[in-house]
Amino acid sequence: MIVLKSEREIEQMKEAGKVLAACHKEIAKLIKPGITTWEIEEFVEEFLKKHSATPEQKGYKGYKYATCASINDEICHGFPRKVALKEGSIVTIDMVVNLNGALADSAWTYAVGEVSDETAKLLDVTKTALYKGIEQAKVGNRIGDIGHAIQKYVEETGFSVVRDFIGHGIGASIHEKPDVPHYGLPGKGPRIKEGMVFTIEPMVNVGSYLSKMDTNGWTARTIDGKYSAQYEHTIAITKDGPVILTDQDGE
Ligand code: MF3
Ligand code: CO
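Conventions we followed
- Residues numbered from 1 in each chain as written.
- Chains lettered and ligands numbered in written order.
- Predicted model: local features only at pLDDT ≥ 70, side-chain atom pairs only at ≥ 80, totals over all residues.
- Heavy atoms only, no water.
- Helix = DSSP H or I, 4+ residues; strand = E, 2+ residues; numbered from the N terminus.
- Rg over C-alpha atoms; globule rule 2.2 N^0.38 Å.
- Buried < 20%, exposed > 50% of the residue type's maximum accessible area, 1.4 Å probe, protein only.
- Lys, Arg positive; Asp, Glu negative; His and termini not counted.
- Charge placed at Lys NZ, Arg CZ, Asp CG, Glu CD.
- Donors = N, O, S within 2.8 Å, 3.2 Å for Na, K, Ca; no water.
- Tetrahedral: all angles 85-135°; square planar, octahedral: opposite > 155°, others 65-115°.
- Axes fitted to C-alpha atoms, helices over the stretch in contact; angles between N-to-C directions.
- Parallel < 35°, antiparallel > 145°, perpendicular 65-115°, else oblique.
- Left-handed = near helix turned anticlockwise from the far one by under 90°.
- Contact = heavy atoms within 4.5 Å.
- Nonpolar A, V, L, I, M, F, W, Y, C, P; charged D, E, K, R; others polar.
- Near = heavy atom within 4 Å.
- Polar contact = N/O pair within 3.5 Å; in protein donor to acceptor, adjacent residues only side chain to side chain.
- Areas by Shrake-Rupley, 256 points an atom, 1.4 Å probe, with all protein chains shown as cover.

## What to know about the overall build of the chain
Thought 1: A count of helical and extended segments in the chain gives 4 helices and 15 strands.
Thought 2: In summary, the chain has a C-alpha radius of gyration of 17 Å against a globular reference of 18 Å for 251 residues, a match within 12%.
Thought 3: Across its three principal directions, the C-alpha atoms of the chain cover 45 × 45 × 35 Å.
Thought 4: Going through the 251 residues of the chain one by one, you find that 53% of them count as buried.
Thought 5: Distance between charge centres in the chain, computed from 30 positive and 36 negative side chains, equals 3 Å.

Here it is in structure tokens:
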């Protein structure tokens, strides 16, 4: 069942999204060679506390941390660690913020110092793919239109789209219906309706789209060891089109 949200609920999720966007903007300033993802984790905990918000991922299905911090070939659900980030690496920081019971979810991939041309292209393509998906998130379209736009664009660049992890509805809890794959066929899947709130969060790989699970039971990696990037926004569907609740360019 897809739970539609009221304007008031969407406003509250937008407030959570503002805190999350502001947190990402601070993380962007912190990322440099030598910093550890454990320090980012501690920064996020402090930042959320200061803004009267809480990290929804902590304790979710047994996950222990406020952030997922996925480095290089890690696709998603990397654990924050006390290992220094190296020049040329990339790191995806993903988190869900709870502000007065309202949730927002956003992931962003950061370059550590100077990265290779191929890595810079990966980040650019992945972010553009997210916005291509968002463009399709409008009343009258179907969920398949989002995934199709993302997959078509990404595959034209020579990169691949992860199949094993997808976007999702979000509301009272992190994961609700609908499922939002980042691949698929136009005109397929549930109709997009006013009041839906869901994430679009393409994970894009330099090589194969296949993933393998780490022995920690959480972290997914690329099977070929090549880099993977991800950008994620929480989107509300209004009659005037998609509204990005986790936009970093807003006020
Ligand atoms: N933020 C993730 C997403 O985009 C959810 C992480 S689940 C957790 O779907 F268990 F790792 F917290
Ligand atoms: Co997320």
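## Points about the coordination of the cobalt ion (ligand 2)
Thought 1: Taken together, Asp-94 (OD), Asp-94 (OD), Asp-105 (OD) and Glu-232 (OE) make up the protein donors of the cobalt ion (ligand 2), found 2.0 to 2.6 Å from the metal.
Thought 2: Around the cobalt ion (ligand 2) sit 6 donor atoms; with metal-centred angles ranging over 55 to 171°, the donor geometry is irregular.
Thought 3: Spacing between the donor residues of the cobalt ion (ligand 2) along their common chain follows D-x10-D-x126-E. Of the two residues, Asp-94 sits in strand E4 (residues 90-99) while Asp-105 sits in strand E5 (residues 102-111), which places them 11 residues apart along the sequence.
Thought 4: What makes Asp-105 buried here is its relative accessible area of 3%.

## Describing the packing of helix H3 (residues 117-135) against helix H4 (residues 143-156)
Thought 1: At their nearest, the axes of H3 and H4 sit 8 Å apart, and the two run at 150° to each other. The orientation of H3 with respect to H4, classified from their angle, is roughly antiparallel. In the packing of H3 onto H4, the handedness of the crossing is right-handed. Facing H3, whose interface residues are Val-125, Thr-128, Ala-129, Lys-132 and Gly-133, H4 presents Ile-146, Ala-149, Ile-150, Tyr-153 and Val-154.
Thought 2: When grouped by side-chain class, the residues that make up the contact of H3 with H4 number 7 nonpolar, 2 polar and 1 charged.

## Quick notes on the site of ligand 1
Thought 1: In the region of ligand 1, 13 residues are neighbours, and Gln-57, Asp-94, His-168, Glu-201 and Glu-232 sit closest.
Thought 2: In the model, a nitrogen atom of ligand 1 is placed 3.0 Å from a nitrogen or oxygen of the Asp-105 side chain.
Thought 3: Separating an oxygen atom of ligand 1 from a side-chain N or O atom of Glu-232 is a distance of 2.9 Å.
Thought 4: Relative to its unbound accessible surface of 340 Å², ligand 1 loses 96% to contact with the protein.
Thought 5: Here the residues of the shell around ligand 1 are counted per class, giving 5 nonpolar, 4 polar and 4 charged.

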